[in-house]
Amino acid sequence: MLKKYFIKTYGCQMNVYDSHRMAKLLENEGYEKTDCQQDADIVLFNTCHIREKAAEKLFSDLGRALIIKNEREEKKLDTIIGVTGCVVQAEDGEILKRAPYVDFALGPLTYHKLPEVLHDILQKKKEHIVDSSFPVESKFDFLPQNEACGGCSFLAVQEGCNNFCTYCVVPYTRGVEYSRPVEDVIKEAKRLVETGTLEINLLGQNVNSYHGEDENGKERNLAYLLYKMAEIDGLKRLRYTTSYPADMTDELIACHKNIDILMPYLHLPVQSGSNKILKLMNRRHTREAYIEIVQKLKKANPKLEMSSDFIVGFPGETDEDFEQTLTLVEKIGYIQAFSFKYSKRPGTPAATMENQVAEKVKKERLDILQKRLFEMQTAFNLSCEGKVFEVLFEQTGRHKGQLIGRTPYMQNVHAQAQIDVLGQIRKVKILSSTTNSLEGKVVL
Ligand code: SAH
Ligand code: SF4
Ligand code: F3S
């Protein structure tokens, strides 16, 4: 019987991509996927350190994993428990101290060593393995070819971040910015399309500062990469995420006019509408500059809609500063957004700043902001009723015969459709809507 693996993924799309690559590594080693942790011979937690809650979740899940490991031991079954991702980079020692039964921990830049590490553990050569180095080699050169696992695929083109926003752990967990060479990206993209992908989302923590080398060693930017991607036969949809406002060049904005497969939806985190707070956050953009970028983007493609991330209750944020965030939201009009209470992260400059905001105030502000953002999202979804959208179907729904797909605007659409429509694009007429999803009927 094949050995089984179980992966739980926390955090951002980069982690989803990494988990997909690790799954392939394990399958090459003869493991088979399971969604049931009790059945797994190897359990992997691919972790996130962005907010306190995300990191704490790992330790409660590890506690549960130990119980399952002990239950399996009674049935004479071995279980290997591994932790990967950003928590490893941030607190590798802490993991083994709090959960000494963890067999190995690999950082986000060293997971290509997974087969080697497993081998050492299975041969009982080493008891615990921790590797959270920032290696000189790129993991991408050591990973097996990527393959699609559906109609939509992520493709990491850039890793790390040099921006050092004062609240953020990413520069410490993923290291300095690194861009993959253009040829590597195109090769992986072609392979994804050949294996069934219709939509590719190019990923990077600061993807619009991409600066990979072409085959002649010349540095190329994201706009160049997008034009190259658009030449790939069979690719129907293109996205990139996440972008940093100060790196939205005019050349990149022009892509939204010139590339028809580039979807009319852009996630462009602003974090706050107050220039004072943006400065304290070490963001290299002002409120005014952000508004101007969005105006240029909408001029390039009038159908373009925006999403964003917001942090409320950053140290020093007054009622007036928060009001500025609310007025910016009104000015831009987001169709989706993620908003968070500021969370103190050890080792980041903001954690020791004066004027930390009380939890109660953070909560009040988050409630106000989210209420308005949800209203906007609901209104946009409502405006879609009666319209026809191209929907890329990605998974089966809860009800019989139901599939779930996405519009160009990333809205979830539920529709009755044959199973062979999975991984395909169909025209769907939207019949009804809620805040979080649309219901439609396949018309073509
Ligand atoms: N690289 C991306 C996303 C980084 S993490 C970017 O720069 O936009 C995703 C989001 O988490 C951020 O945009 C931010 O809104 C939020 N975030 C990061 N650190 C946080 C913290 N310490 N507390 C609360 N939210 C945080
Ligand atoms: Fe974090 Fe800022 Fe880099 Fe985004 S741009 S990953 S928020 S440091
Ligand atoms: Fe979390 Fe690491 Fe992504 S900290 S948000 S998983 S880069």
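Counting restarts for each chain: residues are numbered from 1 in the order of the written sequence. Following the order in which they are written, the chains are lettered starting with A and the ligands numbered starting with 1. Confidence filtering applies because this is a predicted model: local features only for residues at pLDDT of at least 70, side-chain atom pairs given and counted only at 80 or more, and all residues used for totals across whole chains, interfaces and linings. Derived side-chain values reflect all non-hydrogen atoms in the structure, with water molecules and hydrogen atoms excluded from consideration.

## Here's the deal with the site of ligand 3
If you check the shell around ligand 3, you find Cys 12, Asn 15, Thr 47, Cys 48, His 49, Ile 50, Cys 86, Arg 174 and Gln 205 and nothing else. Each residue is assigned to one of three groups, with Ala, Val, Leu, Ile, Met, Phe, Trp, Tyr, Cys and Pro labelled nonpolar, Asp, Glu, Lys and Arg labelled charged, and all others, Gly among them, labelled polar. Its residues placed into classes, the shell around ligand 3 shows four nonpolar, four polar and one charged. Nearness is defined per residue: one heavy atom within 4 Å of the molecule or strand is enough.

## As for the sheet that holds strand 14 (residues 334–341)
Within a sheet, each strand pairs with its neighbour through backbone hydrogen bonds, oriented either parallel or antiparallel. Here a strand pair is declared whenever DSSP counts at least two bridges between the two strands. To qualify as a helix, a DSSP run of H or I must reach at least 4 residues; to qualify as a strand, a run of E must reach at least 2; elements of each kind are numbered from the N terminus. Pairing is parallel in the open sheet, where three strands are placed in the order 12-13-14. A strand with exactly one partner marks an edge of an open sheet, and here the two such strands are strand 12 (265–267) and strand 14. Taking the axes of each pair of neighbouring strands and ignoring which way they run, one obtains an average angle of 15° across the sheet. In this structure, strand 12 lies alongside strand 13 (residues 305–312), joined through three bridges in parallel fashion. Paired with Leu 266 across the bridge in strand 13 is Met 306. Axis lines are fitted to C-alpha atoms, over the contacting stretch for helices. Their N-to-C directions set the angle, which ranges from 0 to 180 degrees.

## Looking at the pattern of salt bridges
The rule for a salt bridge is simple: a side-chain nitrogen of Lys or Arg has to be within 4 Å of a carboxyl oxygen of Asp or Glu. For the structure shown, the criterion picks out 35 salt bridges. Two residues, Asp 18 and Lys 139, come together in a salt bridge whose shortest N-O distance is 3.7 Å. In this pair, Asp 18 is assigned in helix 1 (residues 13–28) and Lys 139 in the loop between strand 6 (129–131) and strand 7 (152–156), connecting sequence segments 121 residues apart. Lys 139 matches Asp 18 in its accessibility class, with the two residues each being buried. Between buried and exposed lies partly exposed: a residue is buried under 20% and exposed over 50% of the maximum accessible area for its type, with that area taken using a 1.4 Å probe on protein chains only.

## A look at the site of ligand 2
Taken together, the neighbourhood of ligand 2 is formed by Cys 161, Asn 163, Phe 164, Cys 165, Tyr 167, Cys 168, Val 170, Pro 171, Gln 205, Tyr 244 and Arg 283. Partitioned by chemical class, the residues of the shell around ligand 2 number eight nonpolar, two polar and one charged.

## A closer look at the sheet that holds strand 10 (residues 199–203)
Read across the sheet, three strands follow the order 7-10-11 without closing on themselves; strand pairing throughout is parallel. Two strands in the sheet have a free side with no partner beyond their single neighbour: strand 7 and strand 11 (237–241). Taking each pair of neighbouring strands and ignoring which way they run, the sheet shows an average axis angle of 20°. Here strand 7 runs beside strand 10; their pairing, made up of five bridges, is parallel. For Ser 153, the partnering residue across the bridge sits in strand 10 and is Ile 200.

## Observations regarding the packing of aromatic side chains
Put simply, two rings from Phe, Tyr or Trp (the six-membered ring, in Trp's case) pair if the centres are within 6.5 Å, and we call them stacked under 30 degrees between planes, edge-to-face over 60, tilted for the rest. Taken as a whole and assessed by the stated rule, the structure comprises six aromatic pairs. On the basis of an interplanar angle of 85° and a centroid distance of 5.5 Å, the ring pair of Phe 310 and Tyr 334 is categorised as edge-to-face. With Phe 310 in strand 13 and Tyr 334 in strand 14, this pair connects stretches of sequence that are 24 residues apart. With respect to class, Phe 310 is no different from Tyr 334; both count as buried.

## A short note on the nonpolar core
Nonpolar core, defined: a set of buried Ala, Val, Leu, Ile, Met, Phe, Trp, Tyr and Cys residues in which side-chain atoms within 4.5 Å join the residues together. Counting 53 residues, the largest nonpolar core has Leu 202, Leu 225, Leu 226, Met 229, Tyr 240, Met 306 and Tyr 334 as its most contacted members. A contact between two residues is defined here by any heavy atoms of the two lying within 4.5 Å. Apart from residues lying up to four places away in sequence, Met 229 is in contact with Val 185, Ile 186, Ala 189, Ile 200, Leu 202, Leu 235 and Leu 238. Residues Met 14, Met 22, Tyr 111 and Ile 129 belong to the second largest nonpolar core, which totals 23 residues.

## Some details on the environment of Val 270
Counting through the fold element by element, Val 270 comes out in the loop between strand 12 and helix 9 (275–280). Taking the C-alpha atoms as reference points, Val 270 and Thr 348, separated by 78 residues in sequence, lie 19 Å from one another. Ignoring any residue separated from it by four or fewer positions in sequence, one finds Val 270 in contact with Leu 278, Arg 283, His 285, Tyr 290, Ser 308, Asp 309, Phe 310, Leu 328 and Tyr 334.

## Digging into the domain arrangement of the chain
Note that domain bounds follow an automatic or database assignment of domains. The assigned domain composition of the chain is domain 1 (3–131), domain 2 (139–383) and domain 3 (388–442). Inter-centroid distance (C-alpha atoms) of domain 2 to domain 3 is 25 Å. Take the accessible area each of two parts loses on contact, using a 1.4 Å probe, and add the two losses: that sum is the buried area. Between domain 2 and domain 3, roughly 1500 Å² of surface is buried when both sides are summed, and carbon and sulfur atoms account for 58% of that area. By the criterion of area lost to domain 3, the three top residues of domain 2 are Leu 198, Arg 237 and Asn 381, representing 36% of everything that side buries. Put simply, domain 2 and domain 3 have zero salt bridges between them. Pairs of N or O atoms within 3.5 Å make up the polar contacts considered here, provided that, within protein, one atom can donate a hydrogen while the other can accept it, and that residues adjacent in sequence are counted only when both atoms are side-chain atoms. Linking domain 2 with domain 3 are 11 residue pairs in polar contact (both at pLDDT 80 or more), by the criterion used here. At the level of secondary structure, the elements contributing two or more residues to the side of domain 2 that touches domain 3 comprise strand 10, strand 11, strand 14 and helix 12 (359–383). The element best represented in the side of domain 2 that touches domain 3 is helix 12, accounting for six residues. Class assignment for the residues of the side of domain 2 that touches domain 3 results in nine nonpolar, six polar and six charged.

## Remarks on helix 12
Across its 25 residues, helix 12 extends 36 Å between first and last C-alpha, which sits within 8% of the 36 Å expected from 1.5 Å per residue. Burial in helix 12 covers these residues: Lys 362, Arg 365, Leu 366, Leu 369, Leu 373, Met 376, Gln 377, Phe 380 and Asn 381. Those residues of helix 12 hidden inside the fold are in contact with strand 13, helix 11 (319–332), strand 14, strand 18 (425–433) and strand 19 (437–442). Expected helix span is taken as 1.5 Å per residue step, with the number of steps being one fewer than the number of residues.

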